[in-house]
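Examining the three-dimensional arrangement
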Amino acid sequence: MNKPARTKILLVDDEEDILDLVGYNLVNEGYEVHTAANGKEAIQIADEIIPDLILLDVMMPEMDGMETCTIIRENEKLKTCLVAFLSARGEDYSQIAGYDVGADDYITKPIKPRVLMSKVKGLLRRKELMDTQHAPNEGVIIDKERYVVIKDGEELNLPKKEFELLSLLASRPEHVFTRDHILSAVWGEDVVVGGRTIDVHIRKLREKIGDKRIQTIKGVGYKFRNQNNES
């Protein structure tokens with residue numbers, strides 16, 4: 001009988017002490033851990049192993065974390081890979097820049113190993129939830145294997161957060177998702193983003209899949225409408 005595949009985590013940092021300490025704790029939790037000392041090396045390894053999660057430093061030689069994350073997000077093979085920055089740069093502008101290039105979380109160092117492991121588990125639970133959701137085959141099909149949305153036979157390549165937001169809403173048609181639920185499921189409980197962030201992503205989704213598919217419930221949140229309920 002084949003053993004179930006272990007969750008793969010790529011740890012990227014130019015400090016050997018960080019690689020050793022964090023890597024040790026990740027291995028103890030049962031994860032398959034790979035390491036890289038710079039961005040260029042990380043991109044090559046990620047393309048080969050297709051990790052579930054990348055923990056990425058910001059300040060590194062060869063290529064910094066921001067550029068590395070940007071390139072990773074352009075790789076179709078890594079569409080479902082989570083990226084979390086693990087950096088000593090804790091300024092607001094650094095965190096905002098991290099989310100702007102496609103990060104799923106931004107964790108500041110120093111951090112206690114047990115807290116970091118808890119954050120890692122939370123990220124991976126969110127990924128598992130998003131991976132197991134299914135969308136209705138009613139004009140809009142969400143293909144999680146290829147990370148594309150098919151609307152009326154036309155393939156749409158959505159940015160990662162738009163894809164995850166649509167996947168969440170479409171997983172339970174006609175169910176109203178509160179704004180807090182959406183923020184937690186798509187951006188994570190520890191990520192500080194304004195309510196306006198959801199509105200912007202909803203607006204962009206409506207432009208691509210049609211105004212009537214996502215309904216605003218004032219003061220509460222949003223729901224995905226079945227095609228036969230559109231009016």
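Structural notes, computed from the coordinates.

Calculation rules
- Residues numbered from 1 in each chain as written.
- Predicted model: local features only at pLDDT ≥ 70, side-chain atom pairs only at ≥ 80, totals over all residues.
- Heavy atoms only, no water.
- Pairing = 2+ DSSP bridges.
- Helix = DSSP H or I, 4+ residues; strand = E, 2+ residues; numbered from the N terminus.
- Axes fitted to C-alpha atoms, helices over the stretch in contact; angles between N-to-C directions.
- Contact = heavy atoms within 4.5 Å.
- Salt bridge = Lys/Arg side-chain N within 4 Å of Asp/Glu carboxyl O.
- Buried < 20%, exposed > 50% of the residue type's maximum accessible area, 1.4 Å probe, protein only.
- Patch = residues over 30% accessible without salt bridge, like charges linked within 9 Å, V, L, I, M, F, W, Y side chains within 5 Å.
- Areas by Shrake-Rupley, 256 points an atom, 1.4 Å probe, with all protein chains shown as cover.
- Lys, Arg positive; Asp, Glu negative; His and termini not counted.
- Charge placed at Lys NZ, Arg CZ, Asp CG, Glu CD.
- Arc of directions from axis to C-beta.
- Polar contact = N/O pair within 3.5 Å; in protein donor to acceptor, adjacent residues only side chain to side chain.
- Expected span 1.5 Å × (residues − 1).

**Comments concerning the sheet that holds strand β5 (residues 105-108)**
Paired through their backbone hydrogen bonds, the strands of a sheet run either parallel or antiparallel. Taken in spatial order, the 5 strands of this open sheet run β2-β1-β3-β4-β5, and their pairing is parallel. For this open sheet the edge positions go to β2 (32-36) and β5, each flanked by a neighbour on one side alone. Neighbour to neighbour, the strand axes of the sheet diverge by 20 degrees on average, direction disregarded. Of the strands in this sheet, β1 (8-12), β2 and β3 (53-56) are in contact with helix α2 (residues 39-49), which crosses β2 at around 150 degrees.

**Here we look at the pattern of salt bridges**
What the rule picks out here adds up to 15 salt bridges. Between lysine 161 and aspartate 104 there is a salt bridge; the shortest N-O distance is 3.2 Å. Of this pair, lysine 161 sits in helix α6 (residues 160-170) while aspartate 104 sits in the loop between α4 (92-100) and β5, placing them 57 residues apart in sequence. Both residues of the pair, lysine 161 and aspartate 104, count as buried.

**Comments concerning a negative patch on the surface**
Taken together, the side chains of Asp14, Glu15, Glu16, Asp17 and Asp20 present a region of like negative charge at the surface. Within the fold, glutamate 15 resides in the loop between β1 and α1 (16-28).

**A few points about the sheet that holds strand β9 (residues 177-178)**
Taking strand neighbours across the sheet as the criterion, the 3 strands line up as β9-β11-β10 in an open arrangement whose pairing is antiparallel. Looking at strand neighbours, the two that pair on one side only are β9 and β10 (214-217), the edges of this open sheet. With 4 bridges joining them, β10 and strand β11 (residues 221-224) adopt antiparallel strand pairing. Across the sheet, residue isoleucine 217 finds its bridge partner in β11, namely glycine 221. Packing of α6 onto the sheet brings it into contact with β9, β10 and β11, and relative to β11 it is tilted by some 75 degrees.

**Topic: the environment of aspartate 57**
In this fold, aspartate 57 is placed in the loop between β3 and α3 (65-73). On the basis of relative accessible area, aspartate 57 is assigned to the buried category, the value being 5%. As for aspartate 57 and tyrosine 106, which are separated by 49 residues in sequence, their C-alpha atoms are 9.8 Å apart. In contact with aspartate 57, other than residues within four places in its own chain, are Val12, Asp13, Asp14, Gly65, Phe85, Leu86, Ser87 and Lys109.

**Brief notes about α3**
Listed in full, the buried residues belonging to α3 are Gly65, Met66, Thr68, Cys69, Ile72 and Arg73. Angular distribution of buried residues about the axis of α3 spans 160 degrees; they occupy a single face of the element. Taken together, the buried residues of α3 touch α2, β3, β4 (82-87), α4, β5 and α6. The distance from a side-chain oxygen at the start of α3 to the backbone nitrogen of methionine 66 is 3.2 Å, and the residue carrying that oxygen is aspartate 64.

**Observations concerning α1**
End to end, α1 covers 18 Å across 13 residues, agreeing with the expected 18 Å (1.5 Å per residue, within 8%). Burial in α1 covers these residues: Ile18, Leu19, Val22, Gly23, Asn25 and Leu26. For α1, the arc enclosing every buried residue in end-on projection is 165 degrees, short of the 170-degree limit, so these residues lie on one face. Seen from the buried face of α1, the exposed residues on the opposite side, beyond 90 degrees, are Glu16, Asp17, Tyr24 and Asn28. Glycine 30 sits one or two residues past α1 and shows a positive phi near 95 degrees.

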